[in-house]
Amino acid sequence: MRPSGSSSTGGRDNVGVTIPTDAPCDFSQLVRVERARLLDMLGSLSAEDWQRATPCPGWDVLGLVNHLIGDDLSVIAWQRDHHHGTPAPEAADEAQFIDWLDNLQMEWVHAARRISPRLAVELLDWLGNPVADTFAAQDPGSWTAHVSWASDSPVPIWLDQARELTERWIHRQQLHEAVGRPTDLDEDLAGPVLDALRWAYPYRLGAAGVSDDCVDIEIAEPLHRIWRLTNRGGGWGFTDQADAPAGAALVMTAEQAWR
């Protein structure tokens with residue numbers, strides 16, 4: 001979290017993207033649902049499953065689960081207790097920030113290697129409620145959060161909560177893949193995850209240097225989303241207007257979209 005001003009009606013970031021102040025859903029409840037599904041899946045794993053490789057290079061199932069424990073501890077320490085024991089480097093560009101974050105994550109997983117699978121599950125079970133309670137106590141419309149893939153300016157807290165949900169949901173799908181199980185594409189969680197991740201599109205399109213154009217993005221099978229982005233010189237943003245053909249279109253399945 002990074003300090004900034006607040007807004008009650010909405011705001012506009014540095015690339016002209018209008019992000020609503022009102023949260024689209026209660027993310028504190030969604031992270032509870034996500035945690036319940038993760039625990040249910042982990043409870044069914046065999047001893048061999050915990051040693052299987054995951055799509056995260058160098059991490060087996062236990063390593064990735066320990067990474068999720070680190071995510072929970074970070075939320076509680078930073079956002080609940082305001083303890084910034086591992087602050088990001090000042091004035092770092094995006095590549096430097098990613099390098100710092102990657103090293104931090106690898107350092108944690110290495111340090112957590114003595115945690116057993118049973119203990120990891122017990123820790124995740126215990127940590128789920130404090131994380132959700134931390135979200136519930138926050139003002140989701142306060143413009144005091146930072147989400148690096150959506151803006152380099154402050155964003156409403158709900159988008160940071162949504163980012164935390166995407167972190168946990170995506171890693172659970174990677175765990176599913178590691179042990180040979182299908183992706184969980186149920187609308188109740190996959191829908192909010194994809195709706196959150198869409199805020200990366202206008203931010204990244206802003207770096208393309210193109211204006212007076214529109215782009216359509218469609219997600220189908222089994223979830224269905226259609227988003228139109230336009231830039232009429234003031235920056236990229238989502239719109240419901242369909243008065244002009246799109247300059248480009250991207251059609252993906254839900255499976256392709258989250259990946």
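Provided above is the structure to which this section pertains.
Definitions and limits used
- Residues numbered from 1 in each chain as written.
- Predicted model: local features only at pLDDT ≥ 70, side-chain atom pairs only at ≥ 80, totals over all residues.
- Heavy atoms only, no water.
- Helix = DSSP H or I, 4+ residues; strand = E, 2+ residues; numbered from the N terminus.
- Rg over C-alpha atoms; globule rule 2.2 N^0.38 Å.
- Buried < 20%, exposed > 50% of the residue type's maximum accessible area, 1.4 Å probe, protein only.
- Contact = heavy atoms within 4.5 Å.
- Salt bridge = Lys/Arg side-chain N within 4 Å of Asp/Glu carboxyl O.
- Phe/Tyr/Trp six-rings, centres within 6.5 Å; stacked < 30°, edge-to-face > 60°.
- Lys NZ or Arg CZ within 6 Å of the ring centre and 35° of its normal.
- Polar contact = N/O pair within 3.5 Å; in protein donor to acceptor, adjacent residues only side chain to side chain.
- Core = buried A, V, L, I, M, F, W, Y, C linked by side-chain atoms within 4.5 Å.
- Axes fitted to C-alpha atoms, helices over the stretch in contact; angles between N-to-C directions.
- Parallel < 35°, antiparallel > 145°, perpendicular 65-115°, else oblique.
- Left-handed = near helix turned anticlockwise from the far one by under 90°.
- Nonpolar A, V, L, I, M, F, W, Y, C, P; charged D, E, K, R; others polar.

Asker: Mind showing me how you'd approach the overall build of the protein here?
Answerer: Secondary structure summary: the protein contains eight helices and six strands in total. Going from N to C terminus, the protein has its helices and strands arranged as β-β-α-α-α-α-α-α-α-β-β-β-β-α. Here the protein has a C-alpha radius of gyration of 19 Å; the compact-globule value for 259 residues is 18 Å, and the two agree. Dimensions of the protein, computed from C-alpha atoms along their principal axes, come out at roughly 55 × 40 × 30 Å. When burial is assessed residue by residue, the protein has 45% of its 259 residues classed as buried. In the protein, once contacts between residues fewer than 6 apart in sequence are set aside, the share between residues at least 24 apart is 68%.

Asker: I keep staring at helix α6 (residues 187-197) and nothing clicks. Help me out?
Answerer: Because the α-helix completes a turn every 3.6 residues, residues three or four places apart line up on one side. Turning to α6, its buried residues number three or more, namely Leu189, Ala190, Gly191, Pro192, Val193, Leu194 and Ala196. Of the surrounding secondary structure, the elements contacted by the buried residues of α6 are α1 (27-42), α5 (157-178), β3 (213-220), β4 (225-231) and α8 (254-258).

Asker: Even after reading the chapter, I still don't get the pattern of salt bridges, so can you show me in this structure?
Answerer: Side chains bearing opposite charge may pair, as long as their charged atoms lie close to each other. Tallied over the entire structure, the rule returns 20 salt bridges. In this structure, arginine 228 and aspartate 216 form a salt bridge, with 2.7 Å as the shortest nitrogen-oxygen distance. Taken together, the positions of arginine 228 in strand β4 and aspartate 216 in strand β3 put the pair twelve residues apart, joining distant regions of the chain. Residue classification places aspartate 216 among the partly exposed positions, given a relative accessible area of 22%. Salt bridges linked by common partners bring Arg35, Asp72, Asp160, Arg163, Glu164 and Arg168 together as one network.

Asker: Even after reading the chapter, I still don't get the packing of aromatic side chains, so can you show me in this structure?
Answerer: Aromatic rings in a pair are described by how distant their centres are and how their planes are angled relative to each other. In this structure the tally under the stated criterion is six aromatic pairs. Arranged with centres 5.1 Å apart and planes meeting at 85°, the rings of tryptophan 199 and phenylalanine 238 form a pair that is edge-to-face. In this pair, tryptophan 199 sits in the loop between α6 and α7 (200-205) while phenylalanine 238 sits in strand β5 (residues 237-239), placing the two residues 39 residues apart along the sequence. Geometrically, the ring pair formed by tyrosine 201 and tryptophan 227 is tilted, given 6.4 Å between the ring centres and 50° between the ring planes. Residue tyrosine 201 is found in helix α7, and its partner tryptophan 227 is found in strand β4; the two are separated by 26 residues along the sequence. Grouped by ring-pair contacts, the aromatic residues Trp199, Tyr201, Trp227 and Phe238 constitute a single cluster. Geometry around phenylalanine 238 places arginine 198 over its ring, the cationic atom sitting 4.4 Å from the centre.

Asker: How do you make sense of the side chain of serine 28 when you look at a structure like this?
Answerer: Structurally, the position occupied by serine 28 is in helix α1. A polar atom in the side chain of serine 28 sits 2.5 Å from the side chain of aspartate 26. Each residue touching serine 28, except ones within four places of it in the same chain, is listed here: Ala132, Phe135 and Ala136.

Asker: So what exactly am I meant to see when it comes to the nonpolar core here?
Answerer: Proteins that are soluble and globular tend to have nonpolar side chains buried together. Ranked by internal contacts, the top residues of the largest apolar core, which has 64 residues, are Leu42, Val61, Val65, Leu124, Leu159, Trp169 and Leu175. Going through the elements one at a time, α1, α2 (61-80), α4 (117-137), α5, α6, β3, β4 and α8 are the ones with two or more residues in this core. Counting residues per element, this core draws most heavily on α5, at nine residues. With near-sequence residues (within four places) excluded, leucine 42 lies in contact with Trp50, Val65, Val121, Leu124 and Leu175.

Asker: Just checking my understanding: could you explain the packing of α2 against α4 for this structure?
Answerer: Angle between the axes and distance between the axes: these two values describe a pair of packed helices. Interhelical geometry of α2 versus α4 gives an angle of 30° and a closest axis separation of 9 Å. The angle between the axes of α2 and α4 places the two elements in the roughly parallel class. Crossing handedness for the pair α2 and α4: left-handed. Contact with α2, carried on its side by Leu62, Val65, Asn66, Leu68, Ile69, Asp72, Leu73, Val75, Ile76, Gln79 and Arg80, involves Pro117, Ala120, Leu123, Leu124, Leu127, Pro130, Val131, Thr134 and Phe135 of α4 and no other residues of that element. Considered class by class, the residues forming the contact of α2 with α4 number 15 nonpolar, three polar and two charged.

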